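Observations on the model geometry
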Amino acid sequence: MAAPIDSRQLRAFVILARTGSFTQTARELHLSQPAISHSIKALEEEMRCRLLDRVGKSVSLTEAGEQFLTHAKKILAEKLS
């Protein structure tokens, strides 16, 4: 059984969607790039779908990723309020 999605995964996903870069996301979160890659991979496994298209060093959201981004932002906003 996979671990439940946590707010750190959601934050990493939202920042990655904005920056399009695992490296930049890692810098913003003060984590290593492999930590971000692992977190996003675990998130995709938990969601049972691909959320990102990886092309070289950049990423873009899949259709599922676009839909999930909307929900992730709402969840994070509710957590902060």
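**Structural notes on the overall build of the protein**
Each helix and strand counted, the protein has 4 helices and 2 strands in total. Taking the principal axes of the C-alpha coordinates as reference, the protein spans close to 35 × 25 × 25 Å. Counting only residues that meet the buried cut, the protein has 35% of its 81 residues in that class. In the protein, the proportion of contacts linking residues at least 24 apart, taken out of those at least 6 apart, comes to 49%.

**With respect to the nonpolar core**
Core analysis: the biggest nonpolar cluster contains 20 residues, and Phe13, Phe22, Ile36, Ile40, Leu52 and Phe68 have the highest contact counts within it. The set of elements that each furnish at least two residues to this core consists of helix H1 (7-19), helix H2 (22-29), helix H3 (33-47), strand S2 (58-61) and helix H4 (63-80).

**Focus: the packing of H1 against H2**
One can describe the packing of H1 onto H2 by two numbers: an axis separation of 9 Å at closest approach and a directional angle of 130 degrees. Here H1 is positioned oblique relative to H2, judged by the angle of their axes. For the crossing formed where H1 meets H2, the hand is right-handed. Here Arg11, Ala12, Ile15, Leu16, Arg18 and Thr19 of H1 lie close against H2, whose contacting residues are Phe22, Gln24, Thr25, Glu28 and Leu29. Residues of the contact of H1 with H2, tallied by class, amount to 5 nonpolar, 3 polar and 3 charged.

Thresholds applied
- Residues numbered from 1 in each chain as written.
- Predicted model: local features only at pLDDT ≥ 70, side-chain atom pairs only at ≥ 80, totals over all residues.
- Heavy atoms only, no water.
- Helix = DSSP H or I, 4+ residues; strand = E, 2+ residues; numbered from the N terminus.
- Buried < 20%, exposed > 50% of the residue type's maximum accessible area, 1.4 Å probe, protein only.
- Contact = heavy atoms within 4.5 Å.
- Core = buried A, V, L, I, M, F, W, Y, C linked by side-chain atoms within 4.5 Å.
- Axes fitted to C-alpha atoms, helices over the stretch in contact; angles between N-to-C directions.
- Parallel < 35°, antiparallel > 145°, perpendicular 65-115°, else oblique.
- Left-handed = near helix turned anticlockwise from the far one by under 90°.
- Nonpolar A, V, L, I, M, F, W, Y, C, P; charged D, E, K, R; others polar.

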